[in-house]
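Spelled out, the chains give:
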Amino acid sequence: DAKTTQPPSMDCAEGRAANLPCNHSTISGNEYVYWYRQIHSQGPQYIIHGLKNNETNEMASLIITEDRKSSTLILPHATLRDTAVYYCIVKRGSGNTGKLIFGQGTTLQVKP
Amino acid sequence: EPEVTQTPSHQVTQMGQEVILRCVPISNHLYFYWYRQILGQKVEFLVSFYNNEISEKSEIFDDQFSVERPDGSNFTLKIRSTKLEDSAMYFCASSSSDRAPYNSPLHFGNGTRLTVT
């Protein structure tokens, strides 16, 4: 599975958009980009995933560059409850049992 | 919204004892997983389970570990003889098969904190 690189930490002001970058320059054509978050040792929470196209759901938007080598998770109006560790994970398609491999993630601190 | 539930939330055991951690996956899901997270470290994959058998396991998942789906709802992780280094949060996860497993998100429970003394 392709490795990902994320900044170890970021700050964001409450009410502003939080833009979390992820680099996955070795991604291959059948690999999906997944985003999860973990709030204070709770179970990881699924946010969003995509293959090529940008995706949006009620939690966030995922912007994937045309070459697929990087992506950005956007939380449009961050709240204090969005303070968490955010994981960008590339999951191989086909022949995969579906497992996710977590890295260190980005610790997002939302400040009042 | 359906969720993965895990019991107990916290278990304390003595070194050498057997423990069983229990999980109830989301009801229409067919792929099941166990992960662990040692305090301050990454979330680590242990094992995946599909169609009543292990489909993949990590190096951590040695002979001391086993998984079982004893009935249609529960999914368990057994540690036969616990060691101090087994102290961790253990997370269960499940995913559906209405899409391929690589295009299906895993949904995690809130974990069991295992403390081995």
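All values derive from a computational prediction rather than experimental measurement. (Residues numbered from 1 in each chain as written. Chains lettered and ligands numbered in written order. Predicted model: local features only at pLDDT ≥ 70, side-chain atom pairs only at ≥ 80, totals over all residues. Heavy atoms only, no water.)

## Quick word on the packing of aromatic side chains
Residue and element names in this part refer to chain A. Taken as a whole and judged by the stated rule, the model has 15 aromatic pairs over all chains. Each ring, one from Tyr87 and one from Phe102, has its centre 5.1 Å from the other, and the planes form 90°; the classification is edge-to-face. Highlighted residues: Tyr87 in strand S8 (residues 84-92) and Phe102 in the loop between S8 and strand S9 (106-111), separated in sequence by 15 residues. A residue is classified by how much of its surface remains accessible, and Tyr87, at 4% relative accessible area, is buried. Owing to a relative accessible area of 3%, Phe102 belongs among the buried residues under this scheme. (Phe/Tyr/Trp six-rings, centres within 6.5 Å; stacked < 30°, edge-to-face > 60°. Helix = DSSP H or I, 4+ residues; strand = E, 2+ residues; numbered from the N terminus. Buried < 20%, exposed > 50% of the residue type's maximum accessible area, 1.4 Å probe, protein only.)

## Side note on the pattern of salt bridges
Close approach of charged atoms allows side chains with opposite charge to pair. Under the counting rule described, the total for this entry stands at four salt bridges over all chains. Note that A:Asp82 is salt-bridged to A:Arg37, the shortest N-O span being 2.8 Å. Of the two residues, A:Asp82 sits in the loop between strand S7 (70-75) and S8 while A:Arg37 sits in strand S3 (residues 31-38), which places them 45 residues apart along the sequence. The pair formed by A:Asp82 and A:Arg37 is uniform in burial state, with each residue classed as buried. The salt bridge partner of B:Glu56 is A:Lys99, with a shortest N-O separation of 2.5 Å. Here the residue B:Glu56 occupies a position in strand S6 (residues 53-57), and A:Lys99 occupies one in the loop between S8 and S9, the pair thus bridging two chains. Given a relative accessible area of 22%, B:Glu56 falls into the partly exposed group. A relative accessible area of 15% means that A:Lys99 is categorised as buried. (Salt bridge = Lys/Arg side-chain N within 4 Å of Asp/Glu carboxyl O.)

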